[in-house]
Amino acid sequence: QVQLVESGGGLVQAGGSLRLSCAASGSIFNFNIMGWYRQAPGKQRELVATINSARSTVYADSVKGRFTASRDYAKDTLYLQMNSLKPEDTAVYYCNINRFGVVIWGQGTQVTVSS
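Residues numbered from 1 in each chain as written. Predicted model: local features only at pLDDT ≥ 70, side-chain atom pairs only at ≥ 80, totals over all residues. Heavy atoms only, no water.

## Observations concerning unusual backbone geometry
Here is step 1: The residue Ser84 is not glycine, and still its phi comes out positive at about 50°.
Here is step 2: Within the secondary structure, Ser84 sits in the loop between strand S8 (77-82) and strand S9 (91-99).
Here is step 3: Residue Ser84 is classed as partly exposed on the basis of its relative accessible area, which comes to 40%.
Here is step 4: At Phe100, a position not held by glycine, the phi torsion is positive, near 55°. (Helix = DSSP H or I, 4+ residues; strand = E, 2+ residues; numbered from the N terminus. Buried < 20%, exposed > 50% of the residue type's maximum accessible area, 1.4 Å probe, protein only.)

And the structure:
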């Protein structure tokens, strides 16, 4: 029922910026926790940022000060503004939602940062 579709990935040089979007459809509630994760080849998927039911955002230390996550509750859309990108940020970025204890993932969008 719930679907998440990411967009905005691409190739960017180090120091550049990208803005990712995640459009949600289906039964989404404002109190559902939504977030961004990323996974590099051969690596474990890791949390990038999450927005909880209190509309508070938690960031991974590696992106703090560079990335900004936000959510448009009226549009059920999650965003990730990525600035000062580093090659270490290269990964597939996934949007997810914790919906009543069930985690739903988007298809992912590739972000590649060249040195």
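So, next bit.
## So, the state of the cysteines
Here is step 1: Under the criterion given, the structure shown has one disulfide.
Here is step 2: The disulfide that involves Cys22 links it to Cys95, with 2.1 Å between the sulfurs. Sign of the S-S torsion, about -75° for the bond between Cys22 and Cys95, identifies this disulfide as left-handed. Here Cys22 is found in strand S3 (residues 18-25), whereas its partner Cys95 is found in strand S9, with 73 residues between them in sequence.
Here is step 3: Using a relative accessible area of 0% as the deciding quantity, one classes Cys22 as buried. (Disulfide = S-S within 2.5 Å.)

## Some points on the nonpolar core
Here is step 1: One finds Trp36, Leu80, Met82 and Tyr93 to be the most contacted residues of the largest nonpolar core, which totals 29 residues.
Here is step 2: For this core, the secondary-structure elements that each account for two or more residues are S3, strand S4 (33-39), strand S5 (46-51), strand S7 (67-72), S8, S9 and strand S11 (109-114). (Core = buried A, V, L, I, M, F, W, Y, C linked by side-chain atoms within 4.5 Å.)

## What about a nonpolar patch on the surface?
Here is step 1: A grouping of Phe29, Phe31 and Phe100 is seen on the molecular surface, where their side chains present a nonpolar patch of about 320 Å² in accessible area.
Here is step 2: Tracing the sequence through the fold places Phe31 in the loop between S3 and S4.
Here is step 3: A relative accessible area of 47% means that Phe31 is categorised as partly exposed. (Patch = residues over 30% accessible without salt bridge, like charges linked within 9 Å, V, L, I, M, F, W, Y side chains within 5 Å. Areas by Shrake-Rupley, 256 points an atom, 1.4 Å probe, with all protein chains shown as cover. Salt bridge = Lys/Arg side-chain N within 4 Å of Asp/Glu carboxyl O.)

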